[in-house]
Amino acid sequence: MSDVLAGRFPVSIITGFLGSGKTTLINRLLKRPDMNRVAVIVNELGEQAIDNDLVEVSSEQMMLLNNGCLCCVLRGDLQETLRDLFIKRRNGDIIDFDRVIIETTGLADPAPVMQTLMTDDMLQAHYRMDCVVTLADAVNGLEQLETMQEPVKQAALADRIVITKSDIAGPEVTAKLEARLRELNPQAPIKHAVNGEIELAFLIDVGLRNVKAKLEDIERWMGEPDEHGEHHRHDSAVKSFSLRFTEPLTWAAFSQTMEVLGALRGSDMLRVKGLINVVEHKGPMVVQGVQHLFHPPVELAAWPSSDHSTRIVFITRNIPRETVANLFAAIGAVSTPA
């Protein structure tokens, strides 16, 4: 079996509301000697510049940093920028980077950035989603989550959440923010960073790197909540839940179920991750989607454990678990989930 994941450059998306400390975090990461082959894509409207001294300007948009990394200013289409980076790397025009970090603007919805990697064949061949890291400002984060939609979606889509400025906000306010973030996205691990300092292992290599994924790789990537429950607070539109099926599914029935969900409620299907036991395949199929768009499925070489059940994690907006479970049953993909 060819490894469709091997050799693809991992892409990390760093998001968070205005003033949450994205650039500070990235600058700290780039000072590490083991992060000296990174291409950083920043929006021209970013809050502050990557503060490394420039040693060479490769073009109007690409700047070589003194740690060996590359800073690329995004002024147009992200697809074009990623294509350009790959071609220039292949031709030897820029550094031989092995990882990409994308810093979104504070007002950005990270979903379109994630979807960019799903909709371009060339990008899919050379890049893979590693993780979405969302920063939340302990001083202002709670109020932002209560009054604006952007930070709510940023938190809901995250694989990892980093709380910043906890030293300024104090433990009581920080604890309330952390509790709110856990309600929005219970499967995303949360850590605190002061002045951008945080262990590298928390932020990279979160996604699946090859088709021979181990059990711990799957568990880290899935971040599966309790499949029997639904995680949300009573007044929150964002819900997180998982479905588990013990019997194999046909790929046609699974695909049809997801197509119907996408057509009816695509904008509210914030994120989906699944390990699917498909009748037609020996190994499990890995699926992941953002709203109505899905990555091409990837078949793993083997099941990572003796548990061959299908597990699908959903993060939704105003879509309860029962609605999704009933649709699977109605289309005949499976019986009622466990």
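Further up the page is the structure itself.
Rules of the game
- Residues numbered from 1 in each chain as written.
- Predicted model: local features only at pLDDT ≥ 70, side-chain atom pairs only at ≥ 80, totals over all residues.
- Heavy atoms only, no water.
- Phe/Tyr/Trp six-rings, centres within 6.5 Å; stacked < 30°, edge-to-face > 60°.
- Helix = DSSP H or I, 4+ residues; strand = E, 2+ residues; numbered from the N terminus.
- Buried < 20%, exposed > 50% of the residue type's maximum accessible area, 1.4 Å probe, protein only.
- Lys NZ or Arg CZ within 6 Å of the ring centre and 35° of its normal.
- Axes fitted to C-alpha atoms, helices over the stretch in contact; angles between N-to-C directions.
- Parallel < 35°, antiparallel > 145°, perpendicular 65-115°, else oblique.
- Left-handed = near helix turned anticlockwise from the far one by under 90°.
- Contact = heavy atoms within 4.5 Å.

A. Region of the structure containing the packing of aromatic side chains. The full count for this structure, using the stated rule, is 7 aromatic pairs. Ring geometry for Phe241 and Phe314: centres 5.3 Å apart, planes at 20 degrees, overall stacked. With a gap of 73 residues between them, Phe241 in strand β11 (residues 238–245) and Phe314 in strand β16 (residues 310–317) connect regions that are remote in the sequence. With a centroid separation of 6.3 Å and an interplanar angle of 35 degrees, the aromatic rings of Phe254 and Phe328 are classed as tilted. Of the two residues, Phe254 sits in helix α10 (residues 251–265) while Phe328 sits in helix α11 (residues 321–331), which places them 74 residues apart along the sequence. Just as Phe254 is buried, Phe328 falls in that class too. Lying over the aromatic face of Phe97, Arg89 brings its terminal NZ or CZ to 5.5 Å of the ring centre. Across from the ring centre of Phe202, 5.5 Å away, lies the NZ or CZ of Arg160, which sits over that ring.

B. Layout of the packing of α10 against α11. The contact between α10 and α11 brings their axes to 9 Å, and the two run at 130 degrees. Accordingly, the angle class assigned to the pair α10 and α11 is oblique. Here α10 runs over α11; the crossing is right-handed. Between α10, through Ala253, Phe254, Gln256, Thr257, Met258, Val260 and Leu261, and α11, the contact on the second element is made entirely by Val324, Leu327, Phe328 and Ile331.

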